[in-house]
Amino acid sequence: MNDINLKELERRAYRSTFEDGIYDLYFGLFLLILAWIPVLESIGVSRFIGYPLLASPLFLIWAGKRYITIPRLGAVEFGEGRKKYKHIVRLVGIIALALMMGPIFIIAKGGFGGSDTIPWIMIALMGLPVFILAVIYANHPRIYIYAAAMLFCIVENEFLLGLSDSPFISLLSFGIVGIVIFIFGLALLIQFLKKYPKESAEATHVG
């Protein structure tokens, strides 16, 4: 019974980490950057500058948790099971990133026969396990919805590109969903700041 209660407390503590809207802001910003990459490329900005920008929202998570969430809710420590799974996600991510260097090198050299479609498919397939593991680790209803929305955006984008090769297609496919998620995250963050004013919060550690 005690084990069950501890697991339930841990689950509630973990779910509270999504209350600040920072992960929502991350997903929204990620999709917005993805939406603008083809547009920037159409005006001469290399995709090798645009795609690394997709990693920049990770700084938002670190800074948001460090300077907004922790000062108000305190640092949250989770059980060994969740920690081990987190390490697995991180290890798989590092391996996938190392394997991606091959296709990225091929793209830099002009792709296969002048086409970089196959290398990008290889990169997507290598990143897919990391994405799936991260979503499972998150284990939150909104994250599952965002993952489904992202997959829908990719399918929609490919469909619309079959009708038109305009770089602005991505703004329609990824941009609209990105704006909606970002605004929702911003609303959650504002609500969180009102609910937990920093000056009245004390740093606590939840084990």
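In short, a report on the structure. (Residues numbered from 1 in each chain as written. Predicted model: local features only at pLDDT ≥ 70, side-chain atom pairs only at ≥ 80, totals over all residues. Heavy atoms only, no water.)

## Remarks on the packing of helix H7 (residues 141–161) against helix H8 (residues 169–195)
At a closest axis distance of 7 Å, the pairing of H7 and H8 adopts a crossing angle of 160°. Here H7 is positioned roughly antiparallel relative to H8, judged by the angle of their axes. Like other packed secondary-structure pairs, H7 and H8 cross with a definite hand, here right-handed. Counted together, Arg142, Tyr146, Ala149, Cys153, Ile154, Glu156, Asn157, Leu160 and Leu161 of H7 and Ile169, Ser170, Leu172, Ser173, Phe174, Val177, Ile181, Phe184 and Leu188 of H8 form the full contact between these two elements. A class-by-class count of the residues in the contact of H7 with H8 yields 13 nonpolar, three polar and two charged. (Axes fitted to C-alpha atoms, helices over the stretch in contact; angles between N-to-C directions. Helix = DSSP H or I, 4+ residues; strand = E, 2+ residues; numbered from the N terminus. Parallel < 35°, antiparallel > 145°, perpendicular 65-115°, else oblique. Left-handed = near helix turned anticlockwise from the far one by under 90°. Contact = heavy atoms within 4.5 Å. Nonpolar A, V, L, I, M, F, W, Y, C, P; charged D, E, K, R; others polar.)

## Notes on the packing of aromatic side chains
Taken as a whole and judged by the stated rule, the model has six aromatic pairs. Aromatic pair Tyr26 and Phe30: ring centres 6.1 Å apart, planes at 40°, arrangement tilted. One end of the pair, Tyr26, and the other, Phe30, are both in helix H2 (residues 22–42), four residues apart, so they sit about a helical turn from each other. Exposure class is identical for Tyr26 and Phe30. Each is buried. When the ring of Trp62 is compared with that of Tyr67, the centres are 5.9 Å apart and the planes differ by 85°; the resulting orientation is edge-to-face. By relative accessible area, Trp62 is classed as partly exposed at 47%. (Phe/Tyr/Trp six-rings, centres within 6.5 Å; stacked < 30°, edge-to-face > 60°. Buried < 20%, exposed > 50% of the residue type's maximum accessible area, 1.4 Å probe, protein only.)

## Considering the pattern of salt bridges
Evaluation of the coordinates by the stated rule reveals three salt bridges. Its salt-bridge partner being Lys65, residue Asp20 comes within 2.8 Å of it at the nearest N-O pair. Here Asp20, found in the loop between helix H1 (2–16) and H2, pairs with Lys65, found in helix H4 (residues 57–73); they are 45 residues apart in sequence, far enough to count as distant. Considered together, Asp20 and Lys65 belong to a single accessibility category, that of buried residues. Notably, a salt bridge pairs Asp24 with Arg142, separated by 2.7 Å at the nearest N-O pair. Here Asp24, found in helix H2, pairs with Arg142, found in helix H7; they are 118 residues apart in sequence, far enough to count as distant. Each member of the pair, Asp24 together with Arg142, is buried. (Salt bridge = Lys/Arg side-chain N within 4 Å of Asp/Glu carboxyl O.)

## Some words on a nonpolar patch on the surface
Together, Phe59, Trp62 and Tyr67 give the surface a local cluster of nonpolar side chains, amounting to about 390 Å² of exposed area. With respect to the secondary-structure elements, Phe59 resides in helix H4. Judged by its relative accessible area of 56%, Phe59 falls in the exposed class. (Patch = residues over 30% accessible without salt bridge, like charges linked within 9 Å, V, L, I, M, F, W, Y side chains within 5 Å. Areas by Shrake-Rupley, 256 points an atom, 1.4 Å probe, with all protein chains shown as cover.)

## Focus: H8
The first and last C-alpha atoms of H8 sit 39 Å apart over 27 residues, in line with the 39 Å expected at 1.5 Å per residue. By the largest-angle criterion, Gly175 marks the main kink of H8, which is about 40°. Those residues of H8 that sit buried are Ile169, Ser170, Ser173, Phe174, Gly175, Gly178, Ile181, Gly185, Leu188, Leu189 and Phe192. Those residues of H8 that are buried lie in contact with H2, H4 and H7. (Expected span 1.5 Å × (residues − 1). Bend = angle between axes of the 7 residues up to and from the residue.)

## Brief notes about the environment of Ile181
Mapped onto the secondary structure, Ile181 falls in helix H8. Distance in space between the C-alpha atoms of Ile181 and Asp24 is 6.2 Å, their sequence separation being 157 residues. Excluding its chain neighbours within four sequence positions, the residues that come into contact with Ile181 are Asp24, Phe27, Gly28, Leu31 and Tyr146.

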